[in-house]
Amino acid sequence: MPRPRFQKMEPSRRRALLDAAATEFAAKGYEGASVNAILEAAGFSKGSFYYYFDDKADLASEVLLEAYAPVLAVIDEPTPGSVSEFWDEVLRLHRRSLDVMEASPRTFQLISKTGTAVISEPALAARLVPLITEARKKVRAVWLKGQELGAVRTDLSVDAIMAMVEAVKRAAWLASFPPEYAPSVAEVEAFSRRVLDLAQRLATPGSSTAASAEAPR
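Report on the accompanying structure. Quantities reported herein were computed from a predicted structural model and do not represent experimental measurements. (Residues numbered from 1 in each chain as written. Predicted model: local features only at pLDDT ≥ 70, side-chain atom pairs only at ≥ 80, totals over all residues. Heavy atoms only, no water.)

### Here we look at the packing of helix 5 (residues 56-73) against helix 7 (residues 105-113)
Item 1. The interhelical angle for the contact between helix 5 and helix 7, taken along N-to-C directions, is 115°, at an axis separation of 10 Å. Along this stretch, helix 5 crosses helix 7, giving a crossing that reads as left-handed. Note on element contacts: helix 7 touches helix 5 through T107, L110 and I111, opposite V63, L64, A67, Y68 and V71.
Item 2. Along the lines of polarity and charge, the residues of the contact of helix 5 with helix 7 split into seven nonpolar, one polar and no charged. (Axes fitted to C-alpha atoms, helices over the stretch in contact; angles between N-to-C directions. Helix = DSSP H or I, 4+ residues; strand = E, 2+ residues; numbered from the N terminus. Left-handed = near helix turned anticlockwise from the far one by under 90°. Contact = heavy atoms within 4.5 Å. Nonpolar A, V, L, I, M, F, W, Y, C, P; charged D, E, K, R; others polar.)

### Observations concerning the layout of surface pockets
Empty space among the atoms becomes visible once a probe the size of a water molecule is rolled across them.
Item 1. What the largest pocket holds in volume is close to 1,600 Å³.
Item 2. H94, A135, V139, E166 and K169 are, among the 43 residues lining the largest pocket, the residues nearest its centre.
Item 3. Contributing elements (two or more residues each) for the lining of the largest pocket: helix 5, helix 6 (83-103), helix 7, helix 8 (115-120), helix 10 (129-149), helix 11 (158-176) and helix 12 (185-203).
Item 4. For the lining of the largest pocket, the element with the most residues is helix 6, which contributes ten residues.
Item 5. For the lining of the largest pocket, the per-class residue count stands at 31 nonpolar, six polar and six charged. (1 Å grid on protein atoms, 1.4 Å probe; cavity = no way out; pocket = protein on both sides within 12 Å on 5 of 7 lines; lining within 4 Å. Points joined across faces, edges and corners; volume = space filled by probe spheres on them.)

### Quick look at the side chain of T114
Item 1. Structurally, T114 can be placed in the loop between helix 7 and helix 8.
Item 2. T114 sits in the buried class, given a relative accessible area of 2%.
Item 3. With near-sequence residues (within four places) excluded, T114 lies in contact with F25, G29, Y30 and L64. (Buried < 20%, exposed > 50% of the residue type's maximum accessible area, 1.4 Å probe, protein only.)

### Points about the nonpolar core
Item 1. With 39 residues, the main nonpolar core has L17, F25, L59 and L110 as its most contacted residues.
Item 2. Contributions of two or more residues to this core are made by helix 2 (11-32), helix 3 (35-42), helix 4 (49-52), helix 5, helix 6 and helix 7.
Item 3. The element that contributes the greatest number of residues to this core is helix 5, accounting for nine residues.
Item 4. Other than its neighbours up to four places away in sequence, L59 contacts A21, F25, I38, F49 and F53.
Item 5. Counting 15 residues, the second largest nonpolar core, distinct from the first, contains L93, V142, V158 and M162. (Core = buried A, V, L, I, M, F, W, Y, C linked by side-chain atoms within 4.5 Å.)

Following this line, the structure appears as C-alpha cells:
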C-alpha cells in the first residue's frame, strides 16, 4: 500500500497522480506502463515516486482499488424466493457490475487491461487483498443464499464452491486473453456468460458435474 505521506498529499496533486496512473495503466497494462511517464504526466519529479510508493505494484493497487470500489458497491445480497429466481438474480447482479464498468470507458479499459496481471503478478495480487477479501465476503453471502433455497449444492462448503469457481475463472481468463490484451465490452460480456454458465454447472445440485464427481469408481 502507499506510504502514509501519500494520503497526506494535497488532494489535487494526489488526484492528478492517480488520474495519470489510471490513464497509463488503461493504455499500456501493468507491465507496459511506465512510472516515469505517469510522473511526468502528473507533474511530479522522477525522484519523488519512492517518497510515496514502494514500487509500481503499490501505485497500481491504489488505482485498482479505486476503480473497483463502485463495481463492488452494486453487489448486494440477493433476495429471491425460488431456485429460478436465484439464478436470475445472480445474472442481474453480474449485469449491474458490468454496467458500472462500461459506464466509464477508462475504468473498463483499466480493469480489462490489467486483468491478467491481477491474476498472475504476486506482488500486485498481494496489494489487492483488501479488495479480494471484500469481494469474497459479498459473493459468499450470495452463495449462502443459494444454498438456503436449494439452488446451490450443499455437499460442498460455500468456500469450496467459491474456490472452484475462482479457479475456473482464472484459468478461463488466462486461456482466453493474452497478457496486456484489453478485451472489448463484447468479449468481456461473452466471457462472463461462459463463466456464469460454468459456475452454475458446478454449483447446481444434481448437475452432470456433481453426478460425475460422486459416481463410484
